[in-house]
Amino acid sequence: MANRSNTQYSTLDTRRYLQDEDYKLILDFSFSQYNGKGYQQYGYFGQKQLTRAWGNVVKQDEIVVKASALGVGAGKPMRSTSGYDRYAGSIPKIGHGVKIGEDDLLHLQEVAAASQNRDSAMYQLMLDATIKQSNQLIIGMQNKLTSWVYEALSTGYIHNADIDGIQFDIDMNVPLANKFKTEAGKDWFTADDFATPNSASDPVGDMLAVQDYAGGAKIPVTHWEMTKKLWRKFINHPSVQTKCRNSINSVVNKELALTESQVVTQLHDLGILPIKIVDEKSYVEIDGIPQVDTASFDPTSLVLAADPSRLFEYKNACSVLEEATRFGANKEGIYSFVGENGSIAVMNKWYEEEVTNKATAEQWVVPVPTNPKHICILNIFNSHVWA
């Protein structure tokens, strides 16, 4: 019996309706919906590597000494150079897949059959299904990297324990001196749920103390970051309201509740650096059901950091699928490479035995602080234990 020709596509095979270039455009569109969000706000992709190992060298002291005024013919004083810290690690792989199963495909076929122009209707239905599939695939990859960035930023650590993946831990090398907790008895709240503010605490004073440390350590911090939940509780904290109210000379009513904009203005006048609010929403699949995921940004921590656009470098490596395409593997499906450096490798294939269209994506990537010393973390509970 002769082998079946690879050109004889099933009527439900994605390749019947989309060329490689078309599929790449759909994936790129899915990726573009994330532009300027999540991890993209916190760093940049480094050069794609062939190896999974990475290494960083960070200068211990980045303060530049002023030049000296010199007399005629005088020699130039030579400045001493500080040492360097080196840290390294390996790049993990993230990935997942989505599929259009037999039930879905048969439903599309039945809907198309009811149309006067069956072929045109089937094309549109397959296109719509592919776009939905692409969004789930690509944005899910982006959400994963963002969750690592939020965790790394707010805890100085990444603890990965996916129920359908592997477990590993990565230390971001944030110095212990850059990690702060409230004093005993001065937790911002009396419980982790933030239900009861602690009147003995001084949130503004704690933040100013961390800023003073950063200034003395010559850390080029520019802003604070905290979750939306903590922000809401923070601006309504009695100690914060009192301190801000007392800084307004025209306020006579000592019980007046200041508005959010009034608190923001007074915090600025008190010397608090700008505060960026992190509003994180993502989902995880448990037993086949999408559920709201646990927040990656620690809700009990706030972060004082340098320019967010340069906080992290995303170390990334080549997928073996790139090598596979060089030897013609894409004849069996559609292979595409999207995102920064084309680091997200996507494979879309048709399976006749189980009548399924599957699209899978993988990416070798990990966020690494460009300089761990440029991150300071303040936890609002004295009992907090650092990872």
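Reading guide: rules and limits
- Residues numbered from 1 in each chain as written.
- Predicted model: local features only at pLDDT ≥ 70, side-chain atom pairs only at ≥ 80, totals over all residues.
- Heavy atoms only, no water.
- Core = buried A, V, L, I, M, F, W, Y, C linked by side-chain atoms within 4.5 Å.
- Buried < 20%, exposed > 50% of the residue type's maximum accessible area, 1.4 Å probe, protein only.
- Helix = DSSP H or I, 4+ residues; strand = E, 2+ residues; numbered from the N terminus.
- Contact = heavy atoms within 4.5 Å.
- Polar contact = N/O pair within 3.5 Å; in protein donor to acceptor, adjacent residues only side chain to side chain.
- Pairing = 2+ DSSP bridges.
- Axes fitted to C-alpha atoms, helices over the stretch in contact; angles between N-to-C directions.
- Parallel < 35°, antiparallel > 145°, perpendicular 65-115°, else oblique.
- Nonpolar A, V, L, I, M, F, W, Y, C, P; charged D, E, K, R; others polar.

Some points on the nonpolar core
Core analysis: the biggest nonpolar cluster contains 50 residues, and Y42, F312, Y314 and V346 have the highest contact counts within it. Here this core takes ten residues from helix α3 (residues 118-155), the largest share from any one element. For V346, the contacting residues outside a window of four places in its chain are Y23, L27, L137, I138, I334, Y335, S336, V338, T360 and A361. Judged by nonpolar contacts, the second largest core, of 28 residues, contains V204, I219, V221 and F234.

Here's the deal with the side chain of H237
Note that H237 resides in the loop between α5 (228-235) and α6 (238-246). A polar contact of 3.1 Å, which involves the side chain of H237, links it to the backbone nitrogen of S239. Once you skip the residues sitting within four places of it in the chain, H237 turns out to touch W188, F189, P197, N198, S201 and P203.

What to know about unusual backbone geometry
For K218, which is not a glycine, the phi torsion comes out positive at approximately 60 degrees. Of note, the phi angle at N341 is positive, near 60 degrees, even though the residue is not glycine.

Things to note about the sheet that holds strand β9 (residues 275-278)
With mixed pairing, the five strands of this open sheet are ordered in space as β7-β17-β12-β8-β9. If you trace the sheet from one side to the other, it starts and ends with β7 (179-181) and β9, each paired once. The sheet shows a mean angle of 20 degrees between the axes of neighbouring strands, direction not considered. Where strand β8 (residues 223-227) and β9 come together, four bridges link them in parallel fashion. Following the sheet pairing, W224 is matched in β9 by I275. Of the strands in this sheet, β7, β8, β9, β12 (301-305) and β17 (375-379) are in contact with helix α4 (residues 203-216), which crosses β17 at around 155 degrees. Those strands touched by α5 are β8, β9 and β12, and its axis lies near 105 degrees from that of β8.

Quick look at the packing of α5 against helix α7 (residues 260-270)
Orientation of α5 relative to α7, taken along the N-to-C sense of each, is 85 degrees, at an axis distance of 10 Å. By the criterion of interaxial angle, the relationship of α5 to α7 is roughly perpendicular. Where α5 abuts α7, its residues W231, R232, F234 and I235 lie against E260, V263, V264 and L267. Here the residues of the contact of α5 with α7 sort into six nonpolar, no polar and two charged.

As far as function goes, none of this settles anything; it's purely spatial.
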